[in-house]
Amino acid sequence: MEAVHIIITLATALALPVLLGGLWLSIFVPAQGAGRTALVWGCGTLIGLLLIPQLMLALDALDIPLTFRSIASLAGALVALALVVLLFTGARARFSGALAKSYADLPASHKALFIFLLSLIILRMSSLGLEVFLRPLYPWDATMHWATKARVWYEYNSIAPFVDNAQWLELGGKGVFTDVHANYPATVPLLQVWMSLAMAQWNPSLMNLPWLLCFMALGAAFYGQLRVSGVGPVISMAFTYFLLSMPLLNIHVALAGYADLFLGAAYCGALMAFHNWASTRQRWQAVLALVFALSCPLIKNEGVIWSLTFIPALIFTLFSRGDAAKPYVLFALLLVLLWLLLPPDLQITVQIAAHGTTTQWLLAPPALEIAGHALNDMIFEFHAEGLVGIVQSIWLHDNWHLMGYLLLAVLPLGILMPGALVRTYLELTIALGTAVGAFLFLFLFTGFGVAASEFTGVGRIGIQLAPGLLYLAALLCSELLTRGGVRATSGTSLPAAWRPAPFGAPAATITN
Amino acid sequence: MLRITGLSLLLGALALIAGLTLFFSPPGDTESPAPVINVNSADTRIFWGTATTVDDELQLQLNAAGNGVIRLATKRIDARAYPFLHLAIEESAHKPQVSISWITSGKPADVHTYVPHSKSWSSLWLATNEIPEWTGNIGFVRLNVVGQAGETVRIRDFGIYPASPARQLKAIFSDLAGYVPWNRAAMNSHTGVTPVASFYPSMLTVALLALSLLVYSVLLLVFRSRVTFSWHVVALIFLACWIILDLFWQNRLLRQVADTYHTFSGKNVEEKLTVGPDAELYKFVAQVKPLAQRPETRIFVSSSDRYRGQRSAYYLYPLNIYWLVPDSEFPPDDLLHSGDLIVLINPTPMRFNEERQTLATSPVNRLDAELLLNDRIGTVVRLK
């Protein structure tokens, strides 16, 4: 009887984020279009997973105890509202089988390959699912600063404040808790709290099921957005398989408990939506990109760096290249100037008082912590050992299977393809280029070189970038295969439903 | 398109095999290969446990202490003449521990032990030249098995072998198909190899990819009147190589799932934690928790071992925990309260003096405390 109860509550706890994000997204995504189903439920689930913790934060801010009933009621109300809106705007049209039609048009050999790759993905998800289902929380950081918070918040039905060790000692531990990284964002631990509240028990295995859900959602969103970008079903499925088969990504699901998978999914979600917004100018893609980009810092502190990579990309998207270069250069000069003129220990702080304690947010870059290391401890000098570590991690070890080699082959071809990297995929190139630049700077010019040479941080930060890089590789490969080489072509082959409206025109029409 | 893709991959694979066996064969005298030494050799001896042979399979019954030892060769042999070691043990529910030991010349002789990293023992071929201590003149090669008293371990083969292309390929396959359970480093990096593997799987796959593409170019040249270049063939070759590499990873995942299932299935939360990797710490913490008289009791956790200290602290939540990172200073006296619990997880430099009822937090600092718990894992005191 207890098992049945747990299964029902678990199913509800997992279904609510899916429905919450999926149904709301479904309202705004045009009814027709390749990959719509995968996109809506994939991106929707990711949004739902990010939204549930924010609802919990909101309830806690209103002094409402965090219980399964209180959170589920709020989420359920939002789901019901989405359903009502959908009913009034033609739900049936939104759930028609666009995917089935594009699949039906495929030749038999393509269908066979599609099914084969899908089977491999399902096998992988089953293997990882069993691991998550059976194994109690295992990885190091998970027990050091993520699940510690979840355990306390679940027990107290509220988001009890965590402070650093010194502050905890000063306060005598009264009303506050401490762990190694008290300032890490609450999103990931709150997902574990959500699952635990649903089961009404602290279950260090089943509370990690959102990691599996995130992994599945990332795959679906990746496939859906590739289809929106005009990539065919087989190539989209092949690259989705590439993504979901990467060992380090798989390990972060099997040994759930770290936040890198969620950050990688959010950043990739933002990149994909941003690119498709730049191609189609559909407003819902812009909103999607904005939501994902803003959610990055809510998952991990370094997420703010990935969010900032969209600023130069946006400048290049909105202005002509000549105009765009000016603010970009000015911005870079301003940063250099600030670095030279401002004292190195300067910190801008924002303090928010609640529940008798003060939460302090440090906005200056020196306050950023990445993988537990403060940036203000960094001494900027070249670290050759970091380069060796990066090369080994990407091209020698099996972290990413053959992705490193794929990028080595595809990026030069992309450069040779007239207009590909500098026009068709310019915004992706700028955003990812900035992100990769930040990644390289971190591991080559700061003390993080150690994290690369000892293979600690480099793999985990890699998880945050790999899905986005693979998305760019998929677009370039598709372009190459469609063109039949690197010859010039008229541009992307977007499906009719996703073709761009002129800039400034209304967003894509919703067909009822 | 499929035909030329398949042909390119097939010929690429053959070229890879040829390249591996011709240019990367281990050192060894292949002109007059040394004789195979295995459990069927005449001078094989059983030291601990008893053995019977059933259908070419050695059934080793472990002794009352749960030990079994098979010694292969007594005389000294040249390590280079035996570049491969084969171990084939039938899977059993109890999962005995296995190690291989040997001696090298020296006075007294140096004893070396290798514990196989891979847990795929159904047919494990090791390239011994990757084991640094397998060098010079060696002797007394032994298989050591530790399991449950009276348990029967079915050994299909244990032996050392001279070089041959087939054995080299088997050793490479063993590396690729090997299974190493999750470890703490898994979250950061997946190398795909054990420390004694000859090749990285990604390197082998890239070699296959490059050779297949080379073959495809040659086929294009040879059949230029009938075959034209297609990026789709290149893409399919790449996809096939990715899938081949991924199947080894999938195999490893399935082995891990089976292992995880064997350890944790059918158990509730408490039972899982008492059989998991932190079983002894968890059991100790379960004794500590009731000692906190109130939920707000402050608990300081200290250990010289970073892992043990941190894990113990984690299991103590949702109590109010302060984990002292190793080498950090103990909080000053004025910030400590009467009633605080101090949990010392071994190893620890802090000592409780039962006679004086004091806890030494440093060579010069003593705190008045009462002992609440003391066992092999750690000590718990309450500050007075």
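Everything numeric here is computed off the predicted structure, so don't read it as measured data.

Undergrad: How should the overall build of chain B be read in this particular structure?
TA: The helix and strand tally for chain B stands at seven helices and 19 strands. For chain B, the C-alpha radius of gyration of 28 Å lies well beyond 21 Å, the compact-globule estimate for 384 residues. Its C-alpha atoms give chain B principal-axis dimensions of about 90 × 60 × 40 Å. A burial count over chain B gives 36% of its 384 residues as buried.

Undergrad: Before we go on, may I ask you to explain the overall build of chain A in this structure?
TA: A count of helical and extended segments in chain A gives 23 helices and six strands. Relative to its full complement of 512 residues, chain A shows a buried share of 52%. Pairs at least 24 apart in sequence give 76% of the contacts found in chain A among residues at least 6 apart.

Undergrad: Sorry, what's going on with the interface of chain B and chain A here?
TA: The parts lose accessible area when they come together, and the size of an interface is often stated as this lost area. Chain B puts 48 residues into the contact, and the matching count from chain A is 55 residues. Of all elements in the fold, only α3 (201-222), α4 (231-264), α5 (269-275), α7 (306-316) and β14 (320-324) of chain B reach the threshold of two or more residues within the side of chain B that touches chain A. Here the side of chain B that touches chain A takes 17 residues from α4(B), the largest share from any one element. Taken together, the residues of the side of chain B that touches chain A break down into 27 nonpolar, 16 polar and five charged.

Undergrad: Explain unusual backbone geometry here, please?
TA: Excluding glycine, most residues fall at negative phi; most peptide bonds, likewise, are trans. All names here are of chain B. Look at the link from Y317 to P318: it is a cis peptide, with omega at 15 degrees. Position of P318 relative to the elements: it lies in the loop between α7 and β14. With an omega of 0 degrees, the peptide bond running from N346 to P347 counts as cis. With respect to the secondary-structure elements, P347 resides in the loop between β15 (341-345) and β16 (351-353).

Undergrad: Is there a simple way to think about the packing of helix α23 (residues 457-483) of chain A against α4(B) in this case?
TA: Contact geometry of α23(A) with α4(B) gives a least axis separation of 9 Å together with a crossing angle of 145 degrees. Between α23(A) and α4(B), the contacting residues are A:C477, A:L480 and A:L481 on the first element and B:W231, B:H232 and B:A235 on the second. Looking at the contact of α23(A) with α4(B), its residues break down into five nonpolar, one polar and no charged.

Undergrad: Is there a simple way to explain the sheet that holds strand β13 (residues 298-302) of chain B in this structure?
TA: All names here are of chain B. The seven strands lie next to each other as β14-β13-β15-β19-β18-β17-β16, forming an open sheet whose pairing is mixed. At either margin of the open sheet sits one strand with a lone partner, and together these are β14 and β16. With direction set aside, neighbouring strand axes in the sheet form an average angle of 35 degrees. Bridge analysis of β15 against strand β19 (residues 378-383) gives five bridges, and the strand direction is antiparallel. Residue pairing in the sheet places L341 in a bridge with R382 of β19.

Undergrad: I would appreciate a short explanation of the pairing of β19(B) in the present structure.
TA: A regular strand places its side chains on the two faces of the sheet in alternate fashion. All names here are of chain B. Inspection of the sheet shows strand β18 (residues 366-374) paired to β19 by five bridges, in the antiparallel sense. Directly across from E370, in β19, lies its bridge partner R382. Adjacent in sequence and paired antiparallel, β18 and β19 are bridged by three residues.

Undergrad: So what exactly am I meant to see when it comes to the environment of B:R356 here?
TA: Within the secondary structure, B:R356 is located in the loop between β16 and β17 (358-360). Expressed as a C-alpha distance, the spacing of B:R356 and B:L383, which sit 27 residues apart in the sequence, is 13 Å.

Undergrad: Honestly, the nonpolar core in this entry has me stumped. Any pointers?
TA: Side chains that are nonpolar tend, in soluble globular proteins, to be buried together. Formed by 217 residues in total, the largest nonpolar core has its most connected members in A:L46, A:W194, A:C214 and A:A266. Sort the elements by how many residues they give to this core and helix α10 (residues 209-228) of chain A lands first, with 15 residues. Those residues within four positions of A:W194 in sequence are excluded, and the remaining contacts are A:A13, A:I52, A:M56 and A:I71. Core analysis: the next-biggest nonpolar cluster, separate from the first, contains 38 residues, B:F84, B:W121, B:A171 and B:L176 among them.

Undergrad: Please explain helix α1 (residues 2-28) of chain A as it appears in this structure.
TA: The terminal C-alpha atoms of α1(A) lie 40 Å apart, and with 27 residues this matches the ideal 39 Å at 1.5 Å per residue to within 8%. If you look at α1(A), its biggest bend is around 25 degrees, right at A:A15, and the proline A:P17 turns up within four residues after that.

Undergrad: Honestly, the packing of helix α16 (residues 310-318) of chain A against helix α21 (residues 426-445) of chain A in this entry has me stumped. Any pointers?
TA: The geometry of a pair of packed helices is captured by two quantities: the angle between their axes and the separation between those axes. All names here are of chain A. Contact pair α16 / α21: the axes reach a minimum separation of 8 Å and the direction vectors enclose 155 degrees. By the angle class used here, α16 and α21 are roughly antiparallel. Relative to α21, α16 is oriented so that their crossing is right-handed. Here F310, P312, A313, F316 and T317 of α16 come into contact with α21, specifically with L426, E427, I430, A431 and T434.

Undergrad: Would you mind showing me how to read the environment of B:L220 here?
TA: All names here are of chain B. Following the sequence through the fold, L220 ends up in helix α3. On the basis of neighbour counts, which here come to 17 C-beta atoms within 10 Å, the residue L220 falls in the partly exposed class. In this structure, L220 is in contact with V227 and F229, ignoring residues within four places of it in sequence.

Undergrad: Looking at this model, I keep getting lost on the confidence of the model for chain A. Mind explaining?
TA: Should pLDDT be low for a region, the predicted coordinates there are not to be read in detail. Chain-level statistics for chain A give a pLDDT mean of 86 and a share of 82% at 70 or above. A low-confidence stretch, residues 499-512 of chain A stays under pLDDT 50, and its non-local contacts, those more than four residues away or across chains, total 24 contacts.

Undergrad: Can you walk me through the environment of B:F84 in this structure?
TA: Residue and element names in this part refer to chain B. Note that F84 resides in strand β7 (residues 84-89). Considering only alpha carbons, one finds F84 and P162, 78 residues apart in sequence, at a separation of 6.4 Å. The contacts of F84, once residues within four sequence positions are left out, are W125, L126, A127, T128, Y161, R167 and A171.

Undergrad: Where do I start with the confidence of the model for chain B in this structure?
TA: Averaged over every residue, the pLDDT of chain B is 91; the share at 70 or more is 98%. Taken together, the chains of this predicted complex give a pTM of 0.90 and an interface ipTM of 0.93.

Cut-off values and rules
- Residues numbered from 1 in each chain as written.
- Chains lettered and ligands numbered in written order.
- Predicted model: local features only at pLDDT ≥ 70, side-chain atom pairs only at ≥ 80, totals over all residues.
- Helix = DSSP H or I, 4+ residues; strand = E, 2+ residues; numbered from the N terminus.
- Rg over C-alpha atoms; globule rule 2.2 N^0.38 Å.
- Buried ≥ 20, exposed ≤ 12 C-beta atoms within 10 Å, placed from the backbone.
- Contact = placed C-beta atoms within 7 Å.
- Nonpolar A, V, L, I, M, F, W, Y, C, P; charged D, E, K, R; others polar.
- Axes fitted to C-alpha atoms, helices over the stretch in contact; angles between N-to-C directions.
- Pairing = 2+ DSSP bridges.
- Core = buried A, V, L, I, M, F, W, Y, C linked by C-beta atoms within 7 Å.
- Expected span 1.5 Å × (residues − 1).
- Bend = angle between axes of the 7 residues up to and from the residue.
- Parallel < 35°, antiparallel > 145°, perpendicular 65-115°, else oblique.
- Left-handed = near helix turned anticlockwise from the far one by under 90°.
- pLDDT = per-residue confidence, 0-100.

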